[in-house]
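So you can see what is in the structure, the chains are spelled out below.
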Amino acid sequence: MTFSVLVQSIISGLLVGGVYALIGVGLTIIFGVMRVINFAHGDIMMVGMYMTYFLFTLFGVDPFMSVLITMPLMFVFGAIMQKVFINRILGTLPQNQILLTIGLGLIMSNAAMLAFTSDYKILTTSYSSSSFNVAGISISQPLLTSFLITCVITAGLYWFLMKTDTGQAIRATAQDREAAQLMGINVKWMSILSFGIGSAMAGTAGALISPTYYIFPQVGSAFTLKAFVITVLGGMGSIVGATLGGIIIGLVESVAAVTISSDWKDVVVFSIFLLVLLIKPSGLMGKSRM
Amino acid sequence: MAILEIKHVSKFFGGLAANSDVSFEMSEGMIMGLIGPNGAGKTTLFNCITGYYPPSKGEVIFDGKKMNGLQPDTVCKLGMARTWQKVRPLAKMTLLDNVMVGALCRTNSLRIAREMAIEQIKVVRMEHKINFLAGGLPIGERKKLEVARVLATQPKLLLLDEVMGGLNPAESDELIQLILDIKSQGKITQMVIEHDMKAIMRISDRVVVLNSGEKLAEGSPQEIVNNPEVITAYLGSEH
Amino acid sequence: MKPFNPLFSQRGASAVQVTVGIVVIAALFAFPQFVKSPYVLHMMILFFLSTLMGQSWNIIGGYTGQYSVGHAAYFGTGAYTTLILLSTKEIAPWYGMWLGIAASIILALIIGSICFRLRGPYFVLASIAVAEIVRLTALNLTSITKGAEGILVIDIPAFKIGETVITDFSSKVPYYYIALVLALVIIGVTWLVQHSKLGYYFQAIREDQDAAHSLGINLTIWKNSALVISAAFTSLAGSFYAIFVKFIDPSTVLPLDLSVQIVLISIIGGIGTIFGPVVGSLVLVPLSEALRSNVIAEGLINSGLVSETSGIGIFLKEHLAHAHVLIYGILVVVVILFMPEGVLGYFRKMTAKRKGGKA
């Protein structure tokens with residue numbers, strides 16, 4: 001293996017890691033505010049992928065532009081899901097919360113299968129396979145574009161959480177639900193909001209990878225697992241951690257694929273996950289341990 | 001001979017000392033009261049003694065054996081049993097089953113465990129609730145359930161963490177009587193964390209006062225009541 | 001509060017219950033003498049298999065409260081060990097299955113030593129991760145497992161004692177009896193667990209790990225014991241499945257979906273009860289079979305509710321067969337939201353209410 005192959009894999013890992021970060025951030029916001037681990041997260045992403053696919057094939061909307069439509073729609077989707085289902089099981093046994101979100105995930109993926117069949121769909125744009133060279137390293141154009149969009153969205157989310165009143169209320173709720181309630185924060189509304197934001201992030205991630213990934217109903221479960229790895233690695237509930245975790249997992253996958261083999265890269269990822277759970281369950285940036 | 005020796009025990013969480021350099025001894029058959037304002041490190045000390053945390057420094061010696069680093073289950077088998085400040089009933093099991101779980105620490109036979117459990121349930125006078133689910137019992141009865149459950153493990157040393165917390169005066173009286181009954185049997189030594197000063201003065205042979213993780217004073221109840229430092233600590237932090 | 005229903009009590013069963021039990025078991029043994037339909041026998045076999053899987057999980061998940069969502073790992077280990085030994089070394093399944101159990105127990109102890117240091121959701125995540133590692137390993141170790149291609153066997157060697165051929169597995173009947181015995185054994189094992197120190201300790205761990213620890217319960221030993229029992233029987237279920245279906249691949253015996261389905265059998269029936277997994281299987285097996293075999297679509301068309309030639313009719317006929325997992329999903333959501341104690345717990349509560357008592 002040459003040096004340039006390694007650099008190549010590091011760069012593509014970094015670019016993919018940006019999208020992973022987005023998925024992880026969504027999961028971690030939901031966990032932070034509600035202490036619910038969303039097992040349907042990858043399936044929400046899958047909904048975002050199909051949405052992008054149909055916007056493109058039916059209306060010719062560019063996948064990257066479609067983020068502007070996908071994001072608000074997925075926000076509403078997540079908010080409704082929270083209000084109708086998740087809200088009812090807050091504060092019950094964690095096992096029940098897990099099973100409920102697993103059930104919701106099964107409904108989404110299998111409803112998608114009924115509606116769109118289990119065929120793999122490919123969203124081919126003019127730039128899907130285009131790339132450009134920088135000093136002998138080829139950089140995929142769609143990956144770079146999605147990475148840049150990810151950066152903008154993540155930065156926007158930080159700004160929202162840090163600088164706006166609503167953002168601060170969400171952070172307060174995540175820190176201490178009861179205290180936030182005593183301070184007059186409408187925690188129910190914050191829960192709906194954060195599930196909406198989490199879904200919007202997952203859906204957007206789906207939109208961003210759709211030009212470079214197969215689209216099929218079961219695509220979600222792999223990403224759900226990946227999202228867990230990312231958030232646990234970064235520390236459940238930590239947004240900075242999830243961003244970092246996403247990039248690390250992107251890098252690990254990509255480097256493992258060229259140094260070991262692409263068949264075993266997920267094994268490497270899951271092994272790292274177990275190691276983190278064992279050695280530092282609070283993750284890189286996490287403080288609290290459940 | 002001392003049944004329990006606490007030697008210079010300290011426990012740090014990060015940089016914070018929850019206990020620092022606490023030492024005292026307990027002789028067999030006595031009741032030791034452990035008091036102190038909120039956050040004084042009483043429960044932390046219990047956790048260090050019973051194996052939930054290893055002490056950062058110092059030694060816990062029970063019945064001549066060093067306890068540092070032993071797990072709670074081993075500690076229990078060696079004869080030291082504790083109750084919880086926040087009651088921990090096994091909610092979906094009956095009162096009898098709860099107490100049997102304690103008794104099974106000493107036997108593998110369900111029949112013997114059942115007999116042992118019924119005996120202890122009689123001690124706390126709850127025979128009429130024997131088949132009730134633990135989760136549905138009112139707080140006073142859940143506290144008594146915990147006492148019966150730890151008694152069933154046949155301890156030599158019993159550590160009761162605020163066993164009267166949240167009880168009405170009649171229930172408290174009943175528990176005080178229970179603690180004194182256990183003492184009069186002469187087999188079990190007891191350490192009692194309590195907020196109710198009147199109760200602690202009534203039952204304790206000796207009292208240790210913790211404040212900000214350190215031992216502030218030790219002595220007979222009478223000495224403690226008249227100790228100016230103790231009075232300041234209490235007036236300063238709670239009133 | 002009323003004293004609990006004796007049917008679910010921890011103590012001995014009444015004479016009526018024993019009689020009913022014996023009659024049911026006798027009827028199940030006599031069943032193939034009267035019903036020859038391979039389809040019905042097939043359904044019964046699936047029901048027994050489901051009971052075996054659900055009850056195995058119930059021991060670790062229902063009684064001990066450790067929600068493993070990675071039981072496919074043990075199922076797959078049993079299935080793969082049995083079929084690999086049969087297809088490459090011609091070792092008969094009734095020897096192979098013991099090796100499968102041994103392999104699963106070793107796997108369980110490895111998984112236990114990693115996962116049992118974690119609690120709650122972290123435990124669930126770790127159990128999934130380990131099962132995924134097992135699946136990916138089976139997928140990629142093509143030299144041993146044939147990877148995604150899977151392993152197919154044509155013939156199951158005849159089962160002989162000495163020179164006497166007991167059965168050559170040419171019909172469904174021998175499978176029926178094996179599955180029935182396995183289901184009865186796991187129910188018996190669960191009963192024994194519940195009526196021994198194990199059951200008390202498992203349930204104490206489920207209710208409150210810290211309290212259990214303080215009462216002299218060594219959490220590592222007892223949680224691993226529960227997992228080993230559970231894994232051994234799940235592995236047996238996998239071995240049985242492998243020789244019954246004669247084909248396995250990572251996507252049928254090792255996927256996350258299978259782990260979820262194993263959990264559901266107990267959840268839907270009612271966890272931590274002997275009859276929960278039986279009830280869960282009674283609900284799930286006919287339901288998924290009805291969907292798979294398109295009975296529902298045909299029923300809707302035959303009843304005249306939906307025209308066969310209409311768009312909906314064609315759609316239903318073509319796709320409803322794939323919808324059984326969708327129904328699983330809907331069932332889970334309904335059960336968690338409206339019957340968190342399972343079908344059994346729900347009906348118990350309903351009867352208690354009707355009697356005017358408080359459950």
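Residues numbered from 1 in each chain as written. Chains lettered and ligands numbered in written order. Predicted model: local features only at pLDDT ≥ 70, side-chain atom pairs only at ≥ 80, totals over all residues.

### A closer look at the overall build of chain B
Then comes step 1: The secondary structure content of chain B amounts to nine helices and ten strands.
Then comes step 2: Here chain B has a C-alpha radius of gyration of 18 Å; the compact-globule value for 239 residues is 18 Å, and the two agree.
Then comes step 3: Oriented by its inertia axes, the alpha-carbon framework of chain B measures out at about 50 × 40 × 35 Å.
Then comes step 4: Within chain B, residue pairs in contact and separated by at least 24 positions form 65% of the contacts whose partners lie at least 6 positions apart. (Helix = DSSP H or I, 4+ residues; strand = E, 2+ residues; numbered from the N terminus. Rg over C-alpha atoms; globule rule 2.2 N^0.38 Å. Contact = placed C-beta atoms within 7 Å.)

### Comments concerning the interface of chain C and chain B
Then comes step 1: Listed by partner, the interface residues are 19 residues for chain C and 25 residues for chain B.
Then comes step 2: Of all the elements in the fold, those that place two or more residues in the side of chain C that touches chain B are α8 (197–207) and α9 (209–214) of chain C.
Then comes step 3: In terms of residue class, the side of chain C that touches chain B is built from eight nonpolar, seven polar and four charged. (Nonpolar A, V, L, I, M, F, W, Y, C, P; charged D, E, K, R; others polar.)

### Focus on helix α16 (residues 324–338) of chain C
Then comes step 1: If you check α16(C), its first and last C-alpha atoms are 21 Å apart, about what 15 residues at 1.5 Å a residue would give, namely 21 Å.
Then comes step 2: At its buried positions, α16(C) is contacted by α4 (94–116) of chain A together with α12 (256–269) and α17 (342–354) of chain C. (Expected span 1.5 Å × (residues − 1).)

### Some remarks on the domain arrangement of chain B
All names here are of chain B.
Then comes step 1: Per the domain assignment, the segments making up chain B are domain 1 (1–79 + 156–239) and domain 2 (86–154).
Then comes step 2: For domain 1 and domain 2, the distance between their C-alpha centroids amounts to 24 Å.
Then comes step 3: Each partner contributes to the interface: domain 1 provides nine residues, whereas domain 2 provides eight residues.
Then comes step 4: Contributions of two or more residues to the side of domain 1 that touches domain 2 are made by α2 (72–77) and α6 (169–185).
Then comes step 5: Among the elements that line the side of domain 1 that touches domain 2, the one with the most residues is α6, at three residues.
Then comes step 6: For the side of domain 1 that touches domain 2, the class distribution of residues is six nonpolar, one polar and two charged. (Domains from an automatic or database assignment.)

### Topic: the interface of chain A and chain C
Then comes step 1: With 35 residues of chain A in contact, the opposing surface of chain C contributes 34 residues.
Then comes step 2: Where the side of chain A that touches chain C is concerned, the elements lending two or more residues are α4, α9 (219–234) and α11 (265–279) of chain A.
Then comes step 3: Among the elements that make up the side of chain A that touches chain C, the one with the highest residue count is α4(A) (15 residues).
Then comes step 4: Looking at the side of chain A that touches chain C, its residues break down into 26 nonpolar, six polar and three charged.

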